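Residue-level listing of the chains:
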Number of protein chains: 2
Amino acid sequence: MPREIDRRAARTRRALHQALLTLMLRKGYEALSVQDIIDEADVGRSTFYAHFTGKEDLLRSGFQLLREELKEAHSAVPATAAASHDHPLGFSMAMFEHAARYADHYRTMIGGRGGAVTENEIRLILAEMVRQELPPTLEGDTMPRDFVVQFIVGAFLTTLNWWFERKPGLLPSEVDAMFRGLVLDGLSPLIGDQRR
Amino acid sequence: MPREIDRRAARTRRALHQALLTLMLRKGYEALSVQDIIDEADVGRSTFYAHFTGKEDLLRSGFQLLREELKEAHSAVPATAAASHDHPLGFSMAMFEHAARYADHYRTMIGGRGGAVTENEIRLILAEMVRQELPPTLEGDTMPRDFVVQFIVGAFLTTLNWWFERKPGLLPSEVDAMFRGLVLDGLSPLIGDQRR
DNA sequence: CGCAATCCCGGACAGGGTGTCCATTATCAT
DNA sequence: ATGATAATGGACACCCTGTCCGGGATTGCG
């Protein structure tokens, strides 16, 4: 059974993650200090460093959580009409569907001001996820693969930002269709154009 | 005529810009302190703050220079075979040709380790440049335009990185052709597919 | 109950970076 | 020569980082 004493530590970690999210939404990532975070989380300074080595460690750890949550969501709610499992871009589709559904969650990380590090961080994480889930049978050369990943991530972030800032009225399903269209239209000439 | 006294100030600024580039290539941007920069440039602390408000100010200013240099290069050496002036993506093409020719210069900013801030900074600058030079007559809706910009910037950075890290033997002209192919193939379905 | 393990806390510390101010010196224009 | 503009070193107050330690609180277990 999970020992109570572990749960205490877990709760502290969760409090810190939550504090980071809250503050990022308000001030952005760059402007944040460890001081701010532990104040928000109401946690001692020493305690923070007992769990994480620094600010970026906390951030990475947070992304790790999001990532696991994402993969789980993808395999758990398997076959959406469009984001089928066997489509080569299925995972990316599912990823965006997830983002569209939990938009607030994503807005925290993408929309927050001063997100220089944050946005690049997100980009890297997303890219890694997309790359890992891309079927290895796309093309021979390595360049197209890298580019496909970049393309998807770009479409992902651009579409979300566009939604948040320009067309907040749209429904998740509409934005989702937009994303799908962009990816398919733009990517078809670059990959084998399988099914479509 | 330009007063000698102004030139002195200009030389100081140039020294600082140069120092920043040199150090970025060696240590990346994040790890840099103002101290390092003024040491490298052999300039007093107070002098630095007399010209710039801080590290990022210096960086921005450096990008500003690059940007002017770029626009000048584009209009001065007008009609390359491929990057014609009247093609809707002409400026982007010229931009990449420039990057391919002065690869070392770009490698400094893109390749340097720890380039989190840097890379996002570059992304923003490039995006702004591309956006401004895109003909306003691409599509009606605003979304495709944002996306086209993102697409181009993504292709730009991805291709350069791929070149630097994976295929350093290729000639600038070959990489250039690759970039052009990617952009045209990927973008044709999204814009009016003009000429091609 | 009592002991040990585990976690959390506050405070203190050295080290380094930042941005500002000022008095002083060097360089240039006329 | 003289006033204007630049550059300088140094000092200062402030904030942030990581680390360390002693003590207090909670939990697991005999």
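Refer to the structure above for everything that follows.
Residues numbered from 1 in each chain as written. Chains lettered and ligands numbered in written order. Predicted model: local features only at pLDDT ≥ 70, side-chain atom pairs only at ≥ 80, totals over all residues. Heavy atoms only, no water.

1. A short note on the overall build of chain A
Then, number 1: Check the secondary structure of chain A and you find nine helices and zero strands.
Then, number 2: Listing each helix as α and each strand as β along chain A from the N terminus yields α-α-α-α-α-α-α-α-α.
Then, number 3: The proportion of buried residues among the 196 residues of chain A is 49%.
Then, number 4: Contacts in chain A between residues far apart in sequence, at least 24 positions, make up 63% of those at least 6 positions apart. (Helix = DSSP H or I, 4+ residues; strand = E, 2+ residues; numbered from the N terminus. Buried < 20%, exposed > 50% of the residue type's maximum accessible area, 1.4 Å probe, protein only. Contact = heavy atoms within 4.5 Å.)

2. Here's the deal with the interface of chain B and chain A
Then, number 1: Of the residues lining the interface, 26 residues belong to chain B; the matching set on chain A comes to 26 residues.
Then, number 2: Taking both sides of the interface into account, the surface hidden between chain B and chain A amounts to around 2400 Å²; carbon and sulfur atoms contribute 65%.
Then, number 3: Along the contact surface separating chain B from chain A lie two salt bridges.
Then, number 4: We note a salt bridge from Arg166 of chain B to Asp146 of chain A, for which the minimum N-O separation is 3.4 Å.
Then, number 5: Counting the contacts that link chain B with chain A gives two residue pairs in polar contact (both at pLDDT 80 or more).
Then, number 6: Contributing elements (two or more residues each) for the side of chain B that touches chain A: helix 7 (116–133), helix 8 (142–166) and helix 9 (172–187) of chain B.
Then, number 7: Among the elements that take part in the side of chain B that touches chain A, helix 8 of chain B stands out by supplying 12 residues, more than any other.
Then, number 8: For the side of chain B that touches chain A, a count of residues per class yields 11 nonpolar, seven polar and eight charged. (Buried area = accessible area lost by both parts, 1.4 Å probe. Salt bridge = Lys/Arg side-chain N within 4 Å of Asp/Glu carboxyl O. Polar contact = N/O pair within 3.5 Å; in protein donor to acceptor, adjacent residues only side chain to side chain. Nonpolar A, V, L, I, M, F, W, Y, C, P; charged D, E, K, R; others polar.)

3. Re the protein's contact with DNA strand D
Residue and element names in this part refer to chain B.
Then, number 1: Of all residues adjacent to DNA strand D, which total 20 residues, the nearest are Thr12, Gly44, Ser46, Thr47 and His51.
Then, number 2: Among the atoms of DNA strand D close to the protein, meaning within 4 Å, 59% are from sugar or phosphate groups.
Then, number 3: In the model, a sugar or linking oxygen of DNA strand D is placed 3.3 Å from a nitrogen or oxygen of the Arg8 side chain.
Then, number 4: Between a phosphate oxygen of DNA strand D and a main-chain N or O atom of Gly44, the distance comes to 2.8 Å. (Near = heavy atom within 4 Å.)

4. Description of the packing of helix 5 (residues 90–101) of chain B against helix 9 of chain B
All names here are of chain B.
Then, number 1: Contact geometry for helix 5 and helix 9: axes closest at 9 Å, N-to-C directions at 150 degrees. In this view, helix 5 runs roughly antiparallel relative to helix 9, as classed from their interaxial angle. Both helix 5 and helix 9 take part in a crossing whose hand is right-handed. Across the interface between the two elements, Ser92, Met93, Phe96, Glu97 and Ala100 from helix 5 touch Pro172, Val175, Asp176, Phe179, Arg180, Val183 and Leu184 from helix 9. (Axes fitted to C-alpha atoms, helices over the stretch in contact; angles between N-to-C directions. Parallel < 35°, antiparallel > 145°, perpendicular 65-115°, else oblique. Left-handed = near helix turned anticlockwise from the far one by under 90°.)

Note that every value here comes from positions in space, so none of it alone points to a role or purpose.
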